[in-house]
Amino acid sequence: MDDHHPMLFDEVAKASIPIIDTFNSQELSNTVNAFAKMDHHHPMLFDEVARAAIPIIETFDSQNLANLVSAIARTRQDSESCRAVYSAIADMIKANYHCLKEASDIDLSAIAYAFLKGGHVDDELLELIGIEVSRRGAELSFGTQAWGHLAAAFKNYQSPVADKVFELLFCSFLEQVDKSDERVLENIADVYNAILAGEHFNDVPSDFLTKLTKLAMEYSSRARMEDVRDILVGATREDIRGDPLQRKLYTTYRPLFERYRKDMSPRLRDSINETYEYLGLS
């Protein structure tokens, strides 16, 4: 992001670090959240915020927890203190389930997704978040981004609770798709990849997958490299290779694959290319 003022953020960090131990939970989470939203990396500040947050982690409400861990995950902070924040938050939630009951729907999704993006997947924490999502059921007020993030977080987690999370997603996601949302394809890609490249493919209703695939093609003009990668990797699944609709999707995404292939990892690029060869579209 280019429209922020790096020197100003650096000055904020310089002024904050010496007094960081006087910050309360909201001030700590707001500080790193502001830096993360502007994609301004300042490892020393994040490390100091993480160090100061751990002893007072029980004073954080769900929104501040979500903002703190999301900021650390988004900026890929990996210091010892930042890694310890994940453990501190997970331990707190496991010991105090009521904090999930008090969490907003968005915070539930954000916490689950942050642990995934930060590389700290915790099955016990996922189970608790899934229980709370299931308890709220049809009353959930998720948009497509929250569903996409939750699907990504639960992609490889198998339990009756995870099955219920995907059941709710199948009932709600398509109704939430907003054509005016510039990031709509990002959310479609998250769900598409979670279903096809994860452990819940056998549960997906065929009409849901058909509609989701058509949406992926309809909004292909909005694709980023990550969206192209996630959608095409999902469609490499062997038991759908012969499906005419999936073949059409691969045809639609061929120019996008050529545009972005150099930015993909060799393993994923080769897997996608192999599918193109199998389909005779190379």
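As the structure is a prediction and not an experimental result, all values here were calculated from the model.

Draft legend 1. Representation of the side chain of Asp227 in the model. With respect to the helices and strands, the residue Asp227 is situated in helix α13 (residues 225-234). Aside from chain neighbours lying at most four places away, what touches Asp227 is Leu185, Glu186, Ala189 and Arg222.

Draft legend 2. Geometry of helix α9 (residues 144-154). Burial within α9 is extensive, with 10 of its 11 residues counted as buried. Listed in full, the buried residues belonging to α9 are Thr144, Ala146, Trp147, Gly148, His149, Leu150, Ala151, Ala152, Ala153 and Phe154. Buried-residue contacts for α9 involve α7 (105-117), α8 (123-136), α10 (160-176) and α11 (184-196).

Draft legend 3. Fine view of the environment of Asp243. Inspection of the secondary structure puts Asp243 in the loop between α13 and α14 (244-260). Sequence separation between Asp243 and Leu232 is 11 residues, and the spatial gap between their C-alpha atoms is 14 Å. Only 3.0 Å separates the side chain of Asp243 from the backbone nitrogen of Leu245, close enough to count as a polar contact.

Draft legend 4. Spatial organisation of the nonpolar core. One finds Leu68, Ile129, Phe154, Leu249 and Tyr253 to be the most contacted residues of the largest nonpolar core, which totals 101 residues. When residues of this core are assigned to their parent elements, the largest contribution, 9 residues, is made by α11. Not counting the four nearest positions on each side in its chain, Leu249 is found in contact with Tyr192, Thr213, Ala216, Met217, Ile231, Leu232 and Ala235.

Draft legend 5. Geometry of the pattern of salt bridges. For the coordinates displayed, the defined rule picks out 19 salt bridges. With a closest N to O distance of 3.4 Å, Asp39 and Arg74 form a salt bridge. One end of the pair, Asp39, is in the loop between α2 (25-37) and α3 (43-53); the other, Arg74, is in helix α4 (residues 62-74), and 35 residues separate them in sequence. Using a relative accessible area of 34% as the deciding quantity, one classes Asp39 as partly exposed. Judged by relative accessible area, which is 47%, Arg74 ranks as partly exposed. In this structure, the salt-bridge partner of Arg51 is Glu48, at a minimum N-O distance of 2.9 Å. Of this pair, Arg51 and Glu48 both sit in helix α3, separated by 3 residues, roughly a single helical turn.

Procedures and definitions
- Residues numbered from 1 in each chain as written.
- Predicted model: local features only at pLDDT ≥ 70, side-chain atom pairs only at ≥ 80, totals over all residues.
- Heavy atoms only, no water.
- Helix = DSSP H or I, 4+ residues; strand = E, 2+ residues; numbered from the N terminus.
- Contact = heavy atoms within 4.5 Å.
- Buried < 20%, exposed > 50% of the residue type's maximum accessible area, 1.4 Å probe, protein only.
- Polar contact = N/O pair within 3.5 Å; in protein donor to acceptor, adjacent residues only side chain to side chain.
- Core = buried A, V, L, I, M, F, W, Y, C linked by side-chain atoms within 4.5 Å.
- Salt bridge = Lys/Arg side-chain N within 4 Å of Asp/Glu carboxyl O.

Purely spatial values, then, with no claim about function.
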